[in-house]
Amino acid sequence: MNRFFAFISKEFRHILRDRRTLMILFGMPIAQVLLFGFVLTNDLKDAPIAVMDQSGDVESTALTNRLLSSGYFRQTDTVATIDALEGAFRRGNIKLAVVFPPSFGQDLARSGQANVQLIGDASDPNVATTLINYAQAIVLAYQNERLQQGFSAPIRVETRMLYNPELKSVFGFVPGVMTLILMLVAAMMTSITIAREKEMGTMEVLLVSPLRPIQIILGKASPYLALTVFNALIVVLLGIYVFGMPMNGSILLLAFESILYMLVALSLGIFISTKAADQQQAMFISALGLMMPTVLLSGFIFPRESMPLPLQVIGALIPATWYNKIIKGVMIKGVGLESLWLPTGILVLMALVFIGLSVRNFKDRLE
Amino acid sequence: MGNVIQVQALTRTFGDFTAVNKISFEVRQGEIFGFLGANGAGKTTALKMLTGLLMPSSGTALVAGYDVARYPEEVKRTIGYMSQRFSLYEDLTVRENIRFFGGIYGLSTSQLREKTAQVIEQLGLEQQAGLLVRSLPLGWRQKLAFAVAQIHEPKVVFLDEPTSGVDPLTRRQFWEGIYEASARGITLMVTTHYMEEAEYCHRISIMVDGRIDALDTPAALRQQFKAVDMDEVFRKLARPDQPVGHVD
């Protein structure tokens, strides 16, 4: 029995002295519970909306105030025209629009009935449905209040789901999966490659050779780029033909943006590779530092607007967040570069930064 | 014949720690120069500076006429290198390895073809040319790695502990290859912590704590320290206060 206990006590010591294991055993569960419990929620608050009040009377203003003080909504755009409204939707700036017709107040006073239109961005069908429900509930509450006060004021709500009238949940889901898969293959796989050379000891030999660091880095990325392109093609085709994703925008744009995203993912992978001492560490950093934030903070499952500011900021630093916007824009909304210049520009910047950092890291640290 | 390597007060510090402390020496063409010292004495750091991998903190080093601080790229092009852990890719074949290294050292397609055939013939690896390096016995891998390090006909070949973890017989065979290269006019700089390998060199230097504490032919050093073998020379150098016993 003593032998057995001697062995057990050794095993305990191994675990307690291994920081990485401790982090997984204690750190991760705590972090996850906190994250999921407090922060990552499907309840929406401060969702970005636009209100187009073509009437501007007492009633519409009152209703607008109700909506905006509910905590669910935050007015981020003031739009005066339909074009501006459409533009805001295309850029992904707003998730919901409330439109009051010019005769709102008048209609209520005269005929005792008025319409208000609620337009949701259904490229994310869950969010759209929830927001529309919140808004409808508020309108209804307002209506009932006024009825009690003796005014007859049935307000009819017209709802419209943009981009995805049938509210197919697959529309919100497939782009997210594409983002995830490309990041997984491109980043995680490349993150191992340099770490492997370091582990095998062949890195030194490459460094002594006339090959320049940028050549080594781009050379290592190239086969992975080719493979990832192939992968991406399969994922897109599956999304379209098996899951019925629309392809309303330009194929060329989708290809360009996807290659850009892959480049960012690759350069991230390589950057991790230069930092990691061995393959195991590389995979660990990829999993924790890339995959988890991508799943949790990029907005593909949990809406980013409901997250506290620090998490939103972190989410903004993740390439997946921007690519998600881009795919939805191109495939579902059918928009072009003029609406997507911001996320595209950010991805270009990220690619340059990470390739630059990798090359620099390479030159400095040779172990 | 001239000095192929000229080192003058070469120094490298890492923060407060001085890894290489003002070392100076010269190596003639065709010489087999042994760079000895205990682990941590600064040999690898010095070697990294000479191969253009690390910038010196101060001092100069000229390798094949190029200043390592100003022209590291040119240095890399004119030297060959064989590292401590074997330099060949185990999951590539013999031929693929030769072609890869020849390629990154700038050999043209026709040169590559020629050289590949040459190396394979010289090593007698015709049967194994298409086999993965992994399947070659250790001694053969070493010889191949050494041949590959010379594929671009460098003037100097640096060997960083090339025989670590290898049995004495294989080590002896490897050194025959080194002699052969030296006879062809190639200068070889070998680092090792096996003191007996020192006997195989024309001249050696012994590094202790970042300095070169001894620099001469093996025979001269044995006489100078009144020692029976290089091991004893080293012990007398590294731990001058301790009594020296012989391990028989």
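For clarity, every value in this text was computed on a predicted model and none was experimentally measured.

> With reference to specific residues and values, describe the overall build of chain A.
Within chain A, the regular secondary structure consists of 14 helices and five strands. Residue burial in chain A is summarised as follows: out of 367 residues, 39% are buried. Taking the contacts inside chain A whose residues are at least 6 apart along the sequence as the reference set, 79% of them involve residues at least 24 apart.

> I'd love a proper account of the confidence of the model for chain B, names of residues and values included.
Looking at chain B, the pLDDT average stands at 88 and 96% of residues meet or exceed 70. On the interface metric, ipTM, the complex scores 0.77, and its pTM is 0.73.

> Can you explain the sheet that holds strand β7 (residues 156-160) of chain B? Please cite residues and give values.
All names here are of chain B. The strand order across the open sheet built from six strands is β6-β7-β8-β3-β9-β10, with neighbouring strands paired in mixed fashion. If you trace the sheet from one side to the other, it starts and ends with β6 (79-82) and β10 (211-216), each paired once. Neighbouring strand axes in the sheet, compared pairwise and without regard to direction, differ in orientation by 15° on average. Judged from the five bridges that link them, strand β9 (residues 203-208) and β10 form a sheet pairing that is antiparallel. Bridge pairing links M207 to I212 in β10. Relative to the sheet, helix α8 (residues 230-238) contacts β9 and β10, its axis offset from that of β9 by approximately 35°.

> Just give me the short version of the domain arrangement of chain A, but keep the residues and values in it.
Residue and element names in this part refer to chain A. Domains assigned within chain A are domain 1 (47-162) and domain 2 (170-364). Inter-centroid distance (C-alpha atoms) of domain 1 to domain 2 is 38 Å. The interface of domain 1 with domain 2 comprises 10 residues on the first partner and 11 residues on the second. Secondary structure elements with two or more residues in the side of domain 1 that touches domain 2: β1 (47-53), α4 (82-91) and α6 (125-148).

> Which residues make up the environment of A:G244, and what values do they have?
Residue and element names in this part refer to chain A. Tracing the backbone shows G244 in the loop between α9 (213-241) and α10 (251-275). On the basis of neighbour count, G244 is assigned to the exposed category, with 12 C-beta atoms found within 10 Å. When the C-alpha atoms of G244 and V174 are compared, they prove to be 9.7 Å apart, with 70 residues separating the residues in sequence. Here G244 is in contact with K168 and V170, once residues within four sequence places are set aside.

> Would you mind going over the sheet that holds strand β5 (residues 66-67) of chain B in detail, with residue names and values included?
Residues and elements named next belong to chain B. Taken in spatial order, the four strands line up as β2-β1-β4-β5 in an open sheet, and their pairing is antiparallel. If you trace the sheet from one side to the other, it starts and ends with β2 (17-28) and β5, each paired once. Direction of pairing for strand β4 (residues 58-63) relative to β5: antiparallel, over a ladder of two bridges. Note on β5: the bridge partner recorded for L62 is D67. The sheet contacts of helix α1 (residues 43-50) involve β1 (3-14), β2 and β4, and relative to β1 the element is tilted by about 120°.

> Can you tell me about unusual backbone geometry, naming the residues and giving the values?
In the Ramachandran plot, A:Y163 falls in the positive-phi region, its phi being about 75° despite a non-glycine side chain. By the secondary structure assignment, A:Y163 is in the loop between β5 (155-162) and α7 (170-200). When the 23 C-beta atoms within 10 Å are taken as the criterion, A:Y163 is described as buried. Of note, the phi angle at B:A64 is positive, near 50°, even though the residue is not glycine. By secondary structure assignment, the location of B:A64 is in the loop between β4 and β5. By C-beta crowding, B:A64 is classed as partly exposed, having 16 other C-beta atoms within 10 Å.

> Go over the environment of A:L288, please, and point to the residues and values.
Relative to the elements of secondary structure, A:L288 occurs in helix α11 (residues 279-297). The sequence separation of A:L288 and A:M28 amounts to 260 residues, and the corresponding C-alpha distance is 9.8 Å.

> Just give me the short version of the pairing of β5(A), but keep the residues and values in it.
The side chains of a regular strand alternate between both faces of the sheet. All names here are of chain A. Two elements, strand β4 (residues 114-121) and β5, share eight bridges in a ladder whose sense is parallel. When the bridges of β5 are listed, L118 appears paired with T159. Once you follow β4 into α6 and on to β5, the crossover reads as right-handed.

> Could you give an account of the interface of chain A and chain B, naming the residues involved and the relevant values?
Counting from both sides, the interface comprises 10 residues of chain A and, opposite them, 13 residues of chain B. A breakdown of the residues in the side of chain A that touches chain B according to their chemical character gives six nonpolar, three polar and one charged.

> Let's hear about the pairing of β1(A): which residues, and what values?
Residues and elements named next belong to chain A. Within β1, six of the seven residues are buried, which leaves the element mostly enclosed by the surrounding structure. In the sheet, β1 pairs with strand β2 (residues 73-78) via five bridges, with the strands oriented parallel. Residue pairing in the sheet places V51 in a bridge with T78 of β2. Handedness of the crossover joining β1 and β2 through helix α3 (residues 58-68): right-handed. Where β1 meets strand β3 (residues 96-100), five bridges bridge the pair, whose relative direction is parallel. Within the sheet, the bridge partner assigned to D53 lies in β3 and is F100.

> Would you mind going over the nonpolar core in detail, with residue names and values included?
In this structure, A:L96, A:V98, A:V264 and A:A265 are the most contacted members of the largest nonpolar core, which totals 86 residues. For this core, the leading source of residues is α7(A), giving 12 residues. With residues near it in sequence (within four places) discarded, A:A265 still touches A:L182, A:M183, A:A186, A:A187 and A:P319. Counting residues in hydrophobic clusters, the runner-up holds 68 residues, among them B:A149, B:F174, B:A181 and B:I206.

> An account of the packing of α9(A) against α10(A) is requested, with residue identities and associated values reported.
Residues and elements named next belong to chain A. Axis separation between α9 and α10 bottoms out at 10 Å; the angle between their running directions is 135°. With respect to α10, the element α9 is oriented oblique. Judged by the twist between their axes, the crossing of α9 over α10 is right-handed. Mapping the contact onto sequence places I217, K220, A221, Y224, L225, T228, V229 and A232 in α9 and S258, I259, M262, L266 and I270 in α10. When the residues that make up the contact of α9 with α10 are grouped by side-chain class, the tally is 10 nonpolar, two polar and one charged.

> I'd love a proper account of α1(B), names of residues and values included.
Residues and elements named next belong to chain B. Along α1, eight of the eight residues are buried, which leaves the element largely enclosed by surrounding structure. All of the buried residues in α1 are K43, T44, T45, A46, L47, K48, M49 and L50. Count one or two residues on from α1 and you reach G52, which has phi positive near 80°.

> An account of the packing of α10(A) against α11(A) is needed here, citing residue identities and associated values.
Geometrically, a packed helix pair is captured by the angle between its two axes and the distance between the axes. All names here are of chain A. For the pair α10 and α11, the least separation of the axes is 9 Å and the interaxial angle reads 130°. Accordingly, the angle class assigned to the pair α10 and α11 is oblique. Of the two elements, α10 crosses α11, and the hand of that crossing is right-handed. In this structure, α10 uses L268, G269, I272 and S273 to contact α11, whose residues at the interface are A282, I285, S286 and L290. Looking at the contact of α10 with α11, its residues break down into five nonpolar, three polar and no charged.

Criteria and cut-off values
- Residues numbered from 1 in each chain as written.
- Chains lettered and ligands numbered in written order.
- Predicted model: local features only at pLDDT ≥ 70, side-chain atom pairs only at ≥ 80, totals over all residues.
- Helix = DSSP H or I, 4+ residues; strand = E, 2+ residues; numbered from the N terminus.
- Buried ≥ 20, exposed ≤ 12 C-beta atoms within 10 Å, placed from the backbone.
- Contact = placed C-beta atoms within 7 Å.
- pLDDT = per-residue confidence, 0-100.
- Pairing = 2+ DSSP bridges.
- Axes fitted to C-alpha atoms, helices over the stretch in contact; angles between N-to-C directions.
- Domains from an automatic or database assignment.
- Right-handed = clockwise from strand over helix to strand, strands pointing away.
- Nonpolar A, V, L, I, M, F, W, Y, C, P; charged D, E, K, R; others polar.
- Core = buried A, V, L, I, M, F, W, Y, C linked by C-beta atoms within 7 Å.
- Parallel < 35°, antiparallel > 145°, perpendicular 65-115°, else oblique.
- Left-handed = near helix turned anticlockwise from the far one by under 90°.

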